[in-house]
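Analysis of the macromolecular model
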Amino acid sequence: MTRRLDVLVCSGAACVSSHSAAVRDALSREIDENGLSNEIRIVETGCMGPCELGPVMLVYPDGAFYIHVKPEDAAEIVQEHFLKGRPVKRLLWEDPEARRIVEGKKQIPFFAKQVKVVLRNCGRIDPENIEEYIAADGYEALGKALTQMARNEVIQVITDSGLRGRGGAGFPTGKKWQFVASATGETKYVVCNGDEGDPGAFMDRSLLEGDPHTVIEGMTIAAYAVGASRGYIYIRAEYPLAIKRLQIALGQARKMGLLGENILETGFSFDIEVRMGAGAFVCGEETALIASIEGERGIARVRPPYPAVRGLFGMPTLINNVETWGNIRHIVLNGADWFRSIGTERSPGTKVFALSGKVKNTGLVEIPMGMTLRELIFDIGGGIPNGKKFKAVQTGGPSGGCIPEKYLDTPIDYESLKELGAIMGSGGMIVMDEDNCMVNIAKFFLEFTSDESCGQCVPCRTGLPRMLDILKRITSGNGTMDDLDLLQHLGEMIIETSFCGLGKTAPNPVLSTLKYFEDEYREHIEEKKCRAKVCTDLIAYRIDEDACRACGICAVNCPVGAITGELGKPPYIIDEEACIRCGTCLEVCPFGAVHVLSGELCNQDKREGSK
Amino acid sequence: MKEILIRIDGKEVSAPAGSTILEVAKQQGIPIPTLCHLDGLSDIGACRMCIVDVGGKIVTSCTTKIAEGMEVITNSDRLAELRRLNLELIFAERNHVCSMCVSNNHCELQDLACDLGMQHVEVPYAYPRLSLDASHPKFIIDQNRCILCGRCVRVCAEVEGAHVWGIAGRGSEARVITELGIDWGDAEMCTDCGKCVQVCPTGAIVEKGKAAAEMEKHPELVTTLKERREND
Ligand SMILES: Cc1cc2nc3c(=O)[nH]c(=O)nc-3n(C[C@H](O)[C@H](O)[C@H](O)COP(=O)(O)O)c2cc1C
Ligand code: SF4
Ligand code: SF4
Ligand code: SF4
Ligand code: SF4
Ligand code: FES
Ligand code: FES
């Protein structure tokens, strides 16, 4: 009997940790027991995108998309769907907007507006099987480059495509390749930057896990174009699944003559080695990454000379980001005009984002450049959950900026984001709602970057912690209005004078929130008020006399015994001095009698103290 | 060697290719404040005091090589402001109590503060708790005064060839260490040559037995030594 259905079970890291393997085993057992193993094939794929809903699976060809699948569901899926042709409705993704059951994956807005180029294979093929990659046009671009294109023609098509580096800075990729091609050196190197240090980012990990051959093929094409003989994939040790799949993919490619000596019998030789990083954020910076591969302390080095001229072991080195590598084979195969037909004039192509924070649909998405922030957050992301109000979106990871509501119609491209004081970065996108305090957000990112500063230069090593001191002063109610000027001065100075990109961008979250949310800073300083009720030094918990029924539950649950009262005799009272603002009482009160205050009634003494 | 033409503070000058902006400025008698740079040692661009303006961009003059047609400005209101704030950050990072310091009146950091007219420190002080290592028979390393310029690291490695000093830790946890973090007195590679003492710009590495303001240093000795060796 011929194959009827492909069942794609996501085995991206998120789904693996929500036990997709058990689901796969249960399904395969049911399929066997029902004698369907010749008709139905299970394929384990990389991340499909909506990681929060995992384990997820997709059934081809009918497109049913199942979420939160449990091993217990396997029998029902096989009986109802695979045998009787009736998809199990309770497990299908429900479109939250329309409140109707969505059966076809294409009708789900989360997928409908995405354009998959880099992630084309992610979630569709088995990343541990090179045959599946080859069946999806894999290594065709390499063959084309090696047999039909001169080296400079390959560089030309990349240049013409307008592809820009996806690792953050957006440097024209073709131009970089040209530099390396023209540089002289005994050996040349090609490096894949898979450090992905932004907290919460998983774009690069997902691509390496879900489609490792795409990256390998891209690097091999580049090696041919610039004349390199060795490659390194630098990847953080915290990504064991990606490392494992890469190793498998490299082995398979070598075995098939697609990597190593005399590739495709063309006389061209190139091989790739995986190097694991310790996971310091600054090791993602290209010169620090080179130092780290060389076995030195991972700190930034003086540029120029740029790596393209003198990089790894002093030789010309081409460094690109994982996602940049993921674009190469598609451009070589489909041409520069095709690539330019996606995205905008100055930012052609697509961009992968890790959508997170206060949106309904979080996960991995790929969109054409030029899509507006609003479309991404509200159409693909499904908007803000729980009826809350959108406040800001942070792009670019810890070195990016926060963009307020009035700029939601800004197109997502390198220049537009930069103009707003944010950056494209490597693809972090965190949505915030009214419950997020912008001063606290700025503090959070600065805590990260000042911890990750390598300590080499003065402005970053000592300037960032001083900015952090000032932010802490403000969030604890001890700030002054002069602090705002000082933050601005320090931030600008650190950007202008730091040694490497870490210091040159780290103040962005502070400067952008100062620019767009200065009123929140002012409230913290002048009114001792945190409107989002996040900054614990500026809030107080109160029990509403009229609502309290004196059940005593709050008092029993308060971890420090700050609540006193008599059963049945309202109200209970919170001792503000003893209260540690853990919020337990708020959560446990069955009558909603506990309120959080900030500014208005509480902090009386703090406000007076500042006068 | 090929000569390159640049404009520095409006004046057209030519210098051999490969020279740094700092070298050219020195030749022209134009003062640029420096801390981590020392003639004779390699440059690492750590202190950021030597910044200049090249076509509107701020770069460190000690690590930037000249290029044909470069327009360099070594002094402007903005540069002065940036340098002063940078200096404030250095003072606020550790515990500099000049009146009690053996290097008082002979300290490059203190001199810079006078030269740049630093009146007060606007940024909050860190007041870290730091250690002092007096285990070496002749010298002391006091972390309270270290500015992490790395001169000790380079002189010991590049001139003495002993590789005693290193820098460990990240961000504000960065510290100079002797031989992977053991006490200096136990560092077997140390030849007791005292070069690190001479080049340390502050009161961080000092000789034992000095009272306040008694520690005078001669970093230029290292420069001369290096030059003499190169000419041999
Ligand atoms: C502090 C810092 C961290 C960085 N981290 C990364 C990273 O995790 N991944 C990455 O690809 N590029 C990172 N970069 C950018 C790299 O230096 C480099 O520009 C990039 O790898 C070039 O590749 P691309 O042109 O393909 O973007 C970082 C830069 C800085 C300054
Ligand atoms: S900017 Fe920060 S991370 Fe970069 S060299 Fe300076 S201290 Fe190190
Ligand atoms: S090292 Fe220099 S600046 Fe620091 S306390 Fe001593 S004299 Fe003052
Ligand atoms: S005394 Fe000489 S050998 Fe010892 S640490 Fe200092 S420079 Fe190095
Ligand atoms: S001990 Fe002295 S020479 Fe060494 S880094 Fe500190 S300040 Fe510089
Ligand atoms: S890991 Fe399964 S959807 Fe992302
Ligand atoms: S003297 Fe140039 S950076 Fe220190």
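Note that the structure is predicted; figures quoted are calculated from it, not measured. (Residues numbered from 1 in each chain as written. Chains lettered and ligands numbered in written order. Predicted model: local features only at pLDDT ≥ 70, side-chain atom pairs only at ≥ 80, totals over all residues. Heavy atoms only, no water.)

So, about the overall build of chain B. Tallying secondary structure elements over chain B gives six helices and 10 strands in all. In terms of C-alpha radius of gyration, chain B reaches 18 Å, essentially the compact-globule figure of 17 Å for 232 residues. The dimensions of chain B, computed from C-alpha atoms along their principal axes, are 55 × 50 × 30 Å. Taking all 232 residues of chain B together, the buried fraction comes to 53%. Long-range contacts, defined here as pairs at least 24 residues apart, represent 61% of the contacts in chain B between residues at least 6 apart. Of the roughly 10800 Å² that chain B leaves accessible, carbon and sulfur atoms contribute 50%. Placing the 25 positive and 34 negative side-chain charges of chain B at their respective mean positions leaves the two points 2 Å apart. (Helix = DSSP H or I, 4+ residues; strand = E, 2+ residues; numbered from the N terminus. Rg over C-alpha atoms; globule rule 2.2 N^0.38 Å. Buried < 20%, exposed > 50% of the residue type's maximum accessible area, 1.4 Å probe, protein only. Contact = heavy atoms within 4.5 Å. Areas by Shrake-Rupley, 256 points an atom, 1.4 Å probe, with all protein chains shown as cover. Lys, Arg positive; Asp, Glu negative; His and termini not counted. Charge placed at Lys NZ, Arg CZ, Asp CG, Glu CD.)

Take the sheet that holds strand β4 (residues 64-66) of chain A next. Residues and elements named next belong to chain A. The strand order across the open sheet built from four strands is β2-β1-β3-β4, with neighbouring strands paired in mixed fashion. Taken across any chain shown, the strands that pair with only one partner, and hence form the sheet edges, are β2 (40-45) and β4. Neighbouring strand axes in the sheet, compared pairwise and without regard to direction, differ in orientation by 20° on average. Here six bridges tie strand β1 (residues 5-10) to β2, and the two strands are oriented parallel to one another. Across the sheet, residue Leu8 finds its bridge partner in β2, namely Val43. Contacts from helix α2 (residues 20-33) reach β1, β2 and β3 (57-60), with the element oriented near 170° to β2. Contacting β1, β2, β3 and β4, helix α3 (residues 74-83) runs over the sheet at an angle of about 30° to β3. (Pairing = 2+ DSSP bridges. Axes fitted to C-alpha atoms, helices over the stretch in contact; angles between N-to-C directions.)

Counting 66 residues, the largest nonpolar core has A:Trp177, A:Val190, A:Trp325 and A:Val332 as its most contacted members. Residue contributions to this core peak at nine residues, all from helix α10 (residues 212-226) of chain A. Both domain 2 (130-339) and domain 3 (350-433) of chain A contribute no fewer than three residues apiece to this core. Other than its neighbours up to four places away in sequence, A:Val190 contacts A:Met219, A:Ala223, A:Val226, A:Ala228, A:Arg230, A:Gly231, A:Tyr232, A:Phe270, A:Leu318 and A:Trp325. Counting residues in each nonpolar core, the second largest holds 62 residues, with A:Ala442, A:Cys460, B:Met49 and B:Leu89 among its members. (Core = buried A, V, L, I, M, F, W, Y, C linked by side-chain atoms within 4.5 Å. Domains from an automatic or database assignment.)

All names here are of chain B. If you check the domain split of chain B, you get domain 1 (3-75) and domain 2 (83-221). Computed from C-alpha atoms alone, the centre-to-centre distance between domain 1 and domain 2 is 25 Å. Each partner contributes to the interface: domain 1 provides 19 residues, whereas domain 2 provides 19 residues. Summed over both partners, the interface of domain 1 with domain 2 buries about 1400 Å², with 60% contributed by carbon and sulfur atoms. (Buried area = accessible area lost by both parts, 1.4 Å probe.)

It is worth spelling out the domain arrangement of chain A at this point. All names here are of chain A. As far as domains go, chain A holds domain 1 (5-107), domain 2 (130-339), domain 3 (350-433), domain 4 (438-527) and domain 5 (536-610). Averaged C-alpha coordinates put domain 2 and domain 4 at centres separated by 35 Å. With 11 residues of domain 2 at the contact, the number on the domain 4 side is seven residues. Both sides together, the interface formed by domain 2 and domain 4 hides about 820 Å², and carbon and sulfur atoms give 77% of it. For the interface between domain 2 and domain 4, the tally reads zero salt bridges. Linking domain 2 with domain 4 are two residue pairs in polar contact (both at pLDDT 80 or more). Residue classes in the side of domain 2 that touches domain 4 are distributed as seven nonpolar, one polar and three charged. (Salt bridge = Lys/Arg side-chain N within 4 Å of Asp/Glu carboxyl O. Polar contact = N/O pair within 3.5 Å; in protein donor to acceptor, adjacent residues only side chain to side chain. Nonpolar A, V, L, I, M, F, W, Y, C, P; charged D, E, K, R; others polar.)

Turning next to the side chain of A:Thr173. Its place among the elements puts A:Thr173 in helix α8 (residues 173-182). If sequence neighbours within four positions are ignored, A:Thr173 has contacts with A:Ile158, A:Leu163, A:Arg164, A:Gly165, A:Asn320 and A:Thr324.

Attention now goes to the packing of aromatic side chains. All names here are of chain A. Summed over all chains, the structure comprises 19 aromatic pairs over all chains. Consider the rings of Phe65 and Trp93, whose centres lie 6.0 Å apart with planes at 35°: the pair is tilted. Placement of Phe65 in strand β4 and of Trp93 in the loop between α3 and β5 (94-95) is noted, with a sequence separation of 28 residues between them. Judged by relative accessible area, which is 5%, Trp93 ranks as buried. On the basis of an interplanar angle of 75° and a centroid distance of 5.2 Å, the ring pair of Phe444 and Phe445 is categorised as edge-to-face. When the ring centre of Tyr239 is taken as origin, the NZ or CZ atom of Arg205, which lies over that ring, is 5.9 Å away. Here the guanidinium or amino end of Lys351 rests over the ring plane of Phe353, the centre of that ring lying 5.6 Å away. (Phe/Tyr/Trp six-rings, centres within 6.5 Å; stacked < 30°, edge-to-face > 60°. Lys NZ or Arg CZ within 6 Å of the ring centre and 35° of its normal.)

Taken together, the contact between chain B and chain A spans 28 residues of the former and 30 residues of the latter. Both faces considered, chain B and chain A share a buried interface measuring about 2400 Å² in area, 58% of it formed by carbon and sulfur atoms. Sorting the residues of chain B by area buried against chain A places B:Leu89, B:Pro124 and B:Arg170 first, and these three jointly supply 25% of that buried surface. Counting across the chain B and chain A interface gives three salt bridges. Inspection of the region where chain B meets chain A yields 11 residue pairs in polar contact (both at pLDDT 80 or more). Broken down by element, the residue count for the side of chain B that touches chain A peaks at eight residues, all from helix α2 (residues 77-93) of chain B. Of the residues in the side of chain B that touches chain A, the class split is 17 nonpolar, six polar and five charged.

The next subject is the environment of A:Met467. All names here are of chain A. The topology assignment puts Met467 in helix α18 (residues 458-475). Here Met467 falls in the buried class, since its relative accessible area comes to 0%. For the pair Met467 and Thr317, spaced 150 residues apart in the sequence, the C-alpha separation amounts to 36 Å. Here Met467 is in contact with Leu446, Leu487, Leu490, Gly491, Ile494, Pro507 and Val510, once residues within four sequence places are set aside.

Glancing now at the site of ligand 2. In the vicinity of ligand 2, the contacting residues are A:Val282, A:Ser453, A:Cys454, A:Gly455, A:Gln456, A:Cys457, A:Cys460, A:Ser498, A:Phe499, A:Cys500, A:Leu502 and A:Gly503. A class-by-class count of the residues in the shell around ligand 2 yields seven nonpolar, five polar and no charged. (Near = heavy atom within 4 Å.)

Turning next to the sheet that holds strand β9 (residues 260-263) of chain A. Residue and element names in this part refer to chain A. Taking strand neighbours across the sheet as the criterion, the five strands line up as β9-β10-β8-β7-β11 in an open arrangement whose pairing is mixed. Each of the sheet's edge strands pairs with one partner strand only, and the pair in question is β9 and β11 (317-321). Across the sheet, the axes of successive neighbouring strands diverge by a mean angle of 25°, strand direction being ignored. Of the pairings in the sheet, the one linking β9 to strand β10 (residues 268-277) comprises two bridges and is antiparallel in character.

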